[in-house]
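Listed here are the chains, written in short residue letters.
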Amino acid sequence: MSRNKQEEDPRINGIKTKIRVVPDFPKKGIMFQDITTVLLDPKAFKDTIDLFVERYRDKNISVVAGIEARGFLFGPPIALAIGAKFVPLRKPKKLPGETIFEEYELEYGNDRLEMHVGAVEAGDRALVVDDLIATGGTLCAAINLLERVGAEVVECACVIELPELKGRQRLKGKPLCMLVEYR
Amino acid sequence: MFAAENGLKGDPRLEAISAAIRVVPDFPKKGIMFQDITTLLLDHKAFKHTIDIFVDRYKDMHISLVAGVEARGFMFGPSTALAIGAKFVPLRKPGKLPGKVISESYELEYGHDRLEMHVGAVEPRERVIIIDDLVATGGTLSAAISLMESQGAEVVECACVIGLPEVKGQHKLKGKPLYVLVEPSGLDEF
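Residues numbered from 1 in each chain as written. Chains lettered and ligands numbered in written order. Predicted model: local features only at pLDDT ≥ 70, side-chain atom pairs only at ≥ 80, totals over all residues. Heavy atoms only, no water.

Draft legend 1. Structural view of the pairing of strand β4 (residues 87–91) of chain B. Residues and elements named next belong to chain B. Across the five residues of β4, five count as buried, placing the element largely inside the fold. Judged by which residues are buried, β4 turns out to be covered on both faces: Lys-87, Val-89 and Leu-91 on one side and Phe-88 and Pro-90 on the other are all buried. Looking at chain direction, strand β3 (residues 65–69) and β4 are connected through five bridges and run parallel. Bridge assignment links Ala-67 to a residue of β4, and that residue is Val-89. In this view, the connection linking β3 to its parallel neighbour β4 by way of helix α4 (residues 77–84) has right-handed handedness. (Buried < 20%, exposed > 50% of the residue type's maximum accessible area, 1.4 Å probe, protein only. Helix = DSSP H or I, 4+ residues; strand = E, 2+ residues; numbered from the N terminus. Pairing = 2+ DSSP bridges. Right-handed = clockwise from strand over helix to strand, strands pointing away.)

Written as structure tokens, this is what we have:
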């Protein structure tokens, strides 16, 4: 499968250097990839959004779905720039009105992702956005939600990939675009 | 203060924004007419108008930082920050931000909650805008203002898409100006 990594673009390194790694969060042994430091650098944040916008602006994307909560930081700016709707995919009970849900596995137990009924229509071309892909469980749940209502998931877009967790293989054959990998 | 009273009277964009907001009765509990902005996010034009109005207002005010309150403040804050060249800082529920944080507690109807911010995200004398989707009692925004001021920053204004009746006629929150685009939709019908 093609890696879709923007290897040559000089903006990538600038973004990578702004990501802060916080050891042992949320628990011991995890090297947490903190993107809030990217948001503190207007150029790095703009470059991040620009890289995705340049990739998707001519792909007729009608909906950008962002995964709560860090997907909400990147998804809306991308949606606005490419002329797409933005749909938040949320933890249970946050969305008012009628929702559908998809369960996914955590290390211990399950969680759910919810989407509003009617937000996405059959035939919509969708992009799923999150800050990071780890095991791919949440992204897979997002793909399922979108496909259940008849949308076509064109690609998943993440700022960071943890390739050793092989999340890329759990995307039901959908391609992944990421900017920075962390090993 | 409401945008319509402050230079945008009759602006058709405000009408479009208001019309795009959906009211969901009895959420999260009976009697509450929930102002759902997700339908605004589905209307690309109206969503763009929302951001454009904030950007037009703040782009020449030398704002160095936009703070957004989790989670719906995240849907409006970053785009505004990007367009005016400011930093964006997320203000989050407890336990979400890695690294060192400071926190401020605020009252809920029953009990308390806390808002956290990263240490070092905001520097002294920064000029700050705080953004959220809606202001009701102002409790959360007051906590956000306290967090900013504890770091020596100056809160220039708080900006919200929707302002509930409690804030109508209130131009300031904790002494800081409050800027609101629209009143709640659909209250007259019930």
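Draft legend 2. Representation of the environment of Asp-43 of chain B in the model. Within the element layout of this structure, Asp-43 of chain B appears in the loop between α2 (38–41) and α3 (44–58). Along the chain, Asp-43 of chain B and Ala-20 of chain B lie 23 residues apart, while their C-alpha atoms are 7.0 Å from each other.

Draft legend 3. Inspection of the sheet that holds β3 of chain B at higher detail. Residues and elements named next belong to chain B. In spatial order, the strands read β4-β3-β7-β8-β10-β9; together these six strands make up an open sheet with mixed pairing. If you trace the sheet from one side to the other, it starts and ends with β4 and β9 (172–173), each paired once. Strand direction decides the pairing type here: β3 and strand β7 (residues 127–135), joined by four bridges, are parallel. Opposite Leu-65, over in β7, you have Val-128 as the bridge partner. On top of the sheet, α4 reaches β3, β4 and β7; it is set at about 160 degrees to β4, its chief contact. (Contact = heavy atoms within 4.5 Å. Axes fitted to C-alpha atoms, helices over the stretch in contact; angles between N-to-C directions.)

Draft legend 4. Molecular detail of the UniProt feature "domain: Phosphoribosyltransferase" (unreviewed entry) in chain A. Taking the UniProt record as the reference, the feature "domain: Phosphoribosyltransferase" (unreviewed entry) is found at residues 40–166 of chain A. For residues 40–166 of chain A, the helix share is 31%, the strand share is 34%, and the end-to-end C-alpha distance is 29 Å. (UniProt positions renumbered as here; feature names shortened; annotations may be inferred.)

Draft legend 5. Highlighting the packing of aromatic side chains. Tallied over the entire structure, the rule returns six aromatic pairs over all chains. Aromatic pair Phe-72 of chain A and Phe-86 of chain A: ring centres 6.1 Å apart, planes at 90 degrees, arrangement edge-to-face. Of the two residues, Phe-72 of chain A sits in helix α4 (residues 71–82) while Phe-86 of chain A sits in strand β4 (residues 85–89), which places them 14 residues apart along the sequence. Phe-86 of chain A carries the same exposure label as Phe-72 of chain A, and that label is buried. With a centroid separation of 5.1 Å and an interplanar angle of 85 degrees, the aromatic rings of Phe-27 of chain B and Phe-34 of chain B are classed as edge-to-face. In terms of burial, Phe-27 of chain B and Phe-34 of chain B fall into one category: buried. In this arrangement the basic side chain of Arg-112 of chain A is found over the ring face of Phe-101 of chain A, its NZ or CZ atom lying 3.6 Å from the centre. Over the ring of Tyr-179 of chain B we find Arg-57 of chain B, and its NZ or CZ is 3.9 Å from the ring centre. (Phe/Tyr/Trp six-rings, centres within 6.5 Å; stacked < 30°, edge-to-face > 60°. Lys NZ or Arg CZ within 6 Å of the ring centre and 35° of its normal.)

Draft legend 6. Highlighting α3 of chain B. Relative to the 21 Å expected for 15 residues at 1.5 Å per residue, α3 of chain B spans 21 Å between its end C-alpha atoms, a close match to the ideal helical length. For α3 of chain B, the set of buried residues is Ala-46, Phe-47, Thr-50, Ile-51, Ile-53, Phe-54, Val-55 and Tyr-58 of chain B. (Expected span 1.5 Å × (residues − 1).)

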